[in-house]
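# What the coordinates show
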Amino acid sequence: MITRQHNGGVEEPSAVIRPVGGGTAKLLPDVDRRRAWLLTVDGSPQSYVDLEDPLHLEFEYVRRLAHLLDLVAPGKDPLDLLHLGGGGLTLPRYAACARPGSRQRVVESDAGLSALVREFLPLPDGAGVTVEAGDARTALDASPPASADMVVADVFDGNRVPAQMTTIGCARAAAGALRPGGVYAANLADAAPFGFLRAQIATFWSVFAHVCVVAEPGVLRGRRFGNVLLLASDGGLPQLGLARRTAADPFPARVVHGAGLAQLRGSAVPVQEDAGAPSPVPPTGSFGVG
C-alpha cells in the first residue's frame, strides 16, 4: 500500500521512490485527482495513471494513441493488442475499459519498473492484460504471424528510441505480426531538420502501403523537440477521423500523409538492419529533464 500523510485530518497520498533498471522511479500523486499518479524515471515523465478513471489521459501522445485505438475497428469490438514498452500501463488500461474483452500482451524490459507498477498501480481484475519482461525487438521478431490487430511501440532507452526499433527488419517484423488491416503505431521523438523522423518514414513506407505521422504543429514546423507518432498499415489508416479528433484536443495535432508526408520524407532512404541508430538526444529541458 502507498503510505499516507495526515494533513489537518485529511489523508493525502505520499510519493513513492524506488530504484529500477532505468534509474530512479518516482510515483507522484496528483493533488487534483484522488487516485491519479505521475510516474517518472530519473526526472523524465513516463506515464500518468488514474486508477479510478482509466479513460482519463493526460499525456497528449497517449491521447492520440487512444484516438487511433477507438478508430481502428467498429464500435467497441475487442482487439488483440501487442504493447512494446509498458511504463504505467496507461494505454492497456484504456483499452481494457474502452474495448472490453480485448486480449493484450505487454513486453517491458525493466522488471523493476513492472514490479513497482504491479504493487502500487495494480490492474483491475479481468483486465485481460499480461505483462512479461523482455526485449521489445526480440518479442516482436518472435510474435506469431498475423496475431495482432495493433502493435504499439513506445520503447525508449532512457530518452531515446533504441536502434533496433528503427530498422527495416523491425518494420518487416511488425508487418508479419499484424493481421490484414492491422496498424503499427510508434512513439518517436525528433526535431528539425528531422533526420531521424525522415529515415523512419522512409523505412516503414518501404514495407507498409499506408503511413502517416501525427504531431503538434510546433514540432512539425521545427520550433521545438517533441513526440511524433508514426502510424503504418497495409489496409489503410483512419486519417480523417484522427485529424478531426486530434485537432479538437487541448493541444491540437496535425496528421501528415500522402504528398505532405512524401515532402517531409524528402530524399531519406530506409534504414538497413546494420545501420540502425537511436533517436536524437533530447535537448535540455525536453520531457521534463533538466
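What this report covers is the structure whose coordinates are included nearby. (Residues numbered from 1 in each chain as written. Predicted model: local features only at pLDDT ≥ 70, side-chain atom pairs only at ≥ 80, totals over all residues. Heavy atoms only, no water.)

### Let's talk about the pairing of strand β8 (residues 103–108)
Taken together, the 5 bridges between strand β7 (residues 80–84) and β8 define a ladder with parallel strand orientation. In the strand pairing of β8, Asp-80 is matched with Arg-103. Each parallel crossover has a hand, and for β7 linked through helix α2 (residues 90–98) to β8 it is right-handed. Two strands pair when backbone bridges link them, and β8 and strand β9 (residues 129–133) are joined in this way by 5 bridges, in the parallel orientation. Opposite Arg-105, over in β9, you have Thr-130 as the bridge partner. The parallel pair β8 and β9, bridged by helix α3 (residues 111–120), forms a crossover whose chirality is right-handed. (Pairing = 2+ DSSP bridges. Helix = DSSP H or I, 4+ residues; strand = E, 2+ residues; numbered from the N terminus. Right-handed = clockwise from strand over helix to strand, strands pointing away.)

### Things to note about the packing of aromatic side chains
What the rule picks out here adds up to 3 aromatic pairs. Taken together, a centroid distance of 5.0 Å and an interplanar angle of 10 degrees make the contact between Tyr-184 and Phe-204 stacked. Here Tyr-184 is found in strand β11 (residues 178–190), whereas its partner Phe-204 is found in helix α6 (residues 195–205), with 20 residues between them in sequence. For the pair Tyr-184 and Phe-204, a shared accessibility class is recorded, and that class is buried. Both rings, one in Phe-204 and one in Phe-208, keep their centres 6.4 Å apart while their planes meet at 15 degrees; by these two values the pair is stacked. Accessibility assignment for this pair places Phe-204 and Phe-208 in one class, buried. One aromatic cluster is present, built from ring pairs that chain together Tyr-184, Phe-204 and Phe-208. (Phe/Tyr/Trp six-rings, centres within 6.5 Å; stacked < 30°, edge-to-face > 60°. Buried < 20%, exposed > 50% of the residue type's maximum accessible area, 1.4 Å probe, protein only.)

### A word on the nonpolar core
Among the nonpolar cores identified, the biggest contains 38 residues, and Leu-84, Leu-140, Met-165, Tyr-184 and Val-213 are the most heavily contacted of them. It is helix α5 (residues 168–177) that provides the largest number of residues to this core, a total of 5 residues. In this structure, Ala-36, Phe-59, Leu-91 and Leu-231 belong to the second largest nonpolar core, which totals 29 residues. (Core = buried A, V, L, I, M, F, W, Y, C linked by side-chain atoms within 4.5 Å.)

### Quick word on the sheet that holds strand β6 (residues 44–50)
On the basis of which strands lie adjacent, the open sheet formed by 4 strands has the order β3-β4-β5-β6 and antiparallel pairing. Each end of this open sheet is capped by a strand with a single partner; those strands are β3 (16–20) and β6. With strand direction ignored, the average angle separating the axes of adjacent strands in the sheet is 20 degrees. Where strand β4 (residues 23–29) meets strand β5 (residues 36–41), 5 bridges bridge the pair, whose relative direction is antiparallel. From the neighbouring strand, Leu-28 faces β5, where its bridge partner is Leu-38. (Axes fitted to C-alpha atoms, helices over the stretch in contact; angles between N-to-C directions.)

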